[in-house]
Amino acid sequence: MKLLNKCFQGLFLLLLVVCAQLAFSQTSNFIYFGIENGLPQSGIHNIVQDKKGNLWLGTMDGVSKYNGQTFKNYNKDQGMAENWVTASLLDSKGDIWFGHWAGGISFYNNLKDSLINFNDKDISKTINTICEDRSGNLWFGTEGMGIVKFNRTDKNPFFMSVKEGLSGNNVSSIICDNNGLLWIATDGGITKYNPNEKNIDKAIEHITIKSGLPTNNLSAILQDKNGTIWIGTKDKGLVKYDIKTKQILNFGTDNGLPNDFVKTIYEDADKNIWIGTLGGGILFFNENQSINNSSSAQLIFKTFTTKEGLCNNKVLSVFQDREKNLWVGTFIGLNQLRTEHFEIYGAA
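Residues numbered from 1 in each chain as written. Predicted model: local features only at pLDDT ≥ 70, side-chain atom pairs only at ≥ 80, totals over all residues. Heavy atoms only, no water.

Caption draft 1: Region of the structure containing the overall build of the protein chain. Check the secondary structure of the protein chain and you find two helices and 31 strands. Buried positions account for 53% of the 348 residues belonging to the protein chain. Considering only residue pairs separated by 6 or more positions, the protein chain has 44% of its internal contacts joining residues 24 or more positions apart. Here the protein chain displays about 16,900 Å² of accessible surface, and carbon together with sulfur accounts for 50% of that area. (Helix = DSSP H or I, 4+ residues; strand = E, 2+ residues; numbered from the N terminus. Buried < 20%, exposed > 50% of the residue type's maximum accessible area, 1.4 Å probe, protein only. Contact = heavy atoms within 4.5 Å. Areas by Shrake-Rupley, 256 points an atom, 1.4 Å probe, with all protein chains shown as cover.)

Caption draft 2: Looking closely at the nonpolar core. Judged by nonpolar contacts, the single largest core of 21 residues is most densely connected at Ile47, Leu55, Leu57, Trp274, Ile282, Val318 and Leu326. Mapped by element, the contributors of at least two residues to this core are strand E3 (55-59), strand E24 (282-285), strand E28 (315-320), strand E29 (326-330) and strand E30 (333-338). Setting aside anything within four residues of it in sequence, one finds Leu326 in contact with Trp274, Ile282, Val318, Phe319, Gln320, Asn335, Gln336 and Leu337. Judged by nonpolar contacts, the second largest core, of 16 residues, contains Val262, Ile275, Phe285 and Phe301. (Core = buried A, V, L, I, M, F, W, Y, C linked by side-chain atoms within 4.5 Å.)

Caption draft 3: Local environment of the sheet that holds E3. The four strands are arranged E2-E3-E4-E5 in an open sheet whose pairing can be described as antiparallel. Of all the strands in the sheet, the pair left with one neighbour each is strand E2 (46-49) and strand E5 (71-74). The average angle at which neighbouring strand axes cross in this sheet is 20 degrees, direction not considered. Direction of pairing for E3 relative to strand E4 (residues 62-66): antiparallel, over a ladder of five bridges. The partner of Gly58 across the bridge, within E4, is Val63. (Pairing = 2+ DSSP bridges. Axes fitted to C-alpha atoms, helices over the stretch in contact; angles between N-to-C directions.)

Caption draft 4: View of the environment of Leu166. If you trace the backbone, Leu166 turns up in the loop between strand E13 (158-160) and strand E14 (171-176). Using a relative accessible area of 3% as the deciding quantity, one classes Leu166 as buried. Taking C-alpha positions, Leu166 is 9.2 Å from Glu205, a pair spaced 39 residues apart along the chain. Setting aside residues up to four positions removed in sequence, Leu166 forms contacts with Gly146, Ile147, Met160, Ser161, Val171, Ile184, Thr191 and His206.

Caption draft 5: Broad picture of the state of the cysteines. This model, assessed by the stated rule, comprises one disulfide. Covalently, Cys131 is tied to Cys176 through a disulfide, its sulfur atoms 2.1 Å apart. Of this pair, Cys131 sits in strand E10 (residues 127-132) while Cys176 sits in strand E14, and the two are 45 residues apart along the sequence. Looking at Cys176, the relative accessible area reads 22%, which means it is partly exposed. (Disulfide = S-S within 2.5 Å.)

Caption draft 6: Local environment of the environment of Asp50. Mapped onto the fold, Asp50 is located in the loop between E2 and E3. On a C-alpha basis, the gap between Asp50 and Lys65 in space is 9.6 Å, while along the polypeptide they are 15 residues apart. Excluding its chain neighbours within four sequence positions, the residues that come into contact with Asp50 are Trp56, Leu90, Ile96 and Arg322. Engagement of the side chain of Asp50 in a polar contact is seen with the side chain of Trp56, the distance being 2.9 Å. (Polar contact = N/O pair within 3.5 Å; in protein donor to acceptor, adjacent residues only side chain to side chain.)

Caption draft 7: View of the pairing of strand E20 (residues 238-241). Side chains of E20 alternate between two faces, with Leu238 and Lys240 and Val239 and Tyr241 buried alike. Pairing analysis gives four bridges linking strand E19 (residues 229-233) to E20, with the strands arranged antiparallel. Counterpart to Trp230 in the pairing with E20 is Lys240. The hairpin turn running from E19 into E20, its antiparallel successor, is four residues long, and Gly237 in that turn takes a positive phi close to 75 degrees. Where E20 and strand E21 (residues 248-251) come together, four bridges link them in antiparallel fashion. Counted as the bridge partner of Lys240 is Leu249 from E21. Between the antiparallel neighbours E20 and E21 lie six residues, among them Lys246 with a positive phi of about 60 degrees.

Encoded structure:
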C-alpha cells in the first residue's frame, strides 16, 4: 500500500511538472516590447510593407517604420500632414500614401526617402481607406464625404457622395477589383461602381438589405484570389458574396465567430482569410478546407484571443510580410504571429 501511495504521489508530481511546463511553454513564446523599444503609440490602425521590406505602422501619433530591429517614427514634426494615421496604401510605384483623421494626406516618396504633406483642403473628413485602380488613380474613402478620386496627372479631385448615387457618405473600405470596378462599403450598404461608364444609371449598382445583406452597416470588404467578395459588418459578422450568382451567405456568432463586429479582413499568401474583430480577437479560415454546398457553407475557424497570447481582443489591422509572418495591430499593441504563436510589440 505504501508503495502504491508513493507511485500515486510520484505520478501526481510528474503531472504537476508536465502541466507547469505546458503552462510555461504557452506563455514563454509571447514577448512584449513597450514604448521603450520604439513604438510612439499603442494603437496600430494600419500596416503596409515597402519594397525594401520595412513595415510602416500607422498610429495615433504618426507612423512608425520598423526594419526588423528598430522603430523610426514620423509625425507632423517630420513633415506629415497630421499625427493620427487612419489609412495607408503602398502604390504601384512603391510610394506610400497615408490618410489622416480630419482629412489630411501624407505621401512618402520612395526614391527620395522623404515625407511630404500632401494635404488637400477640400478633403475635410477622416480618411478611412485608400485604393489604387488599374490606371493609377487613387480613391480615398472618407467619414462623411463619400469618396474622392485623385488623378496624379491633373491633380483635380473628383468627389462622389450620396447625391451622385453612393449608398452612404460614411465609407469604411474600398477595393478596386480585377475588372476595374470599385466596391465601396458604406453605412448604407455596398456601391458597385464602374468609373469608366459615363451613364450614372449603368455605372452604379447597390447591394443592400434589399439585395439580401443582413445589414447595411458595413466595416470592411475584400476580394480574395478566387474572386469571392467578403464583407465585414459592424453588427452581423461576416458576409460572403458570390459575384456570379449574387448569392449571399452570412456567418455570425452562431456560426463560430467570437464577435459580430468585423473590423478588418485580410487574405494571406496561402489563401487563408483572416478576420479581425472588435472584441473577439482574430480568426482565420481557408475556404478550400471548409464544407460547402450550393445553398450553404460551414467555415472552419481558428481563433486567437488573449487566452492564446494576443495582447488585446480589439483588432484594428492585419498584414502578412514577405517572410509570411502575420502582423496584427490592436488597440494596445502590435502582435507578430510565427508558426502558431504571437510575439507582442506594444506600447506600455
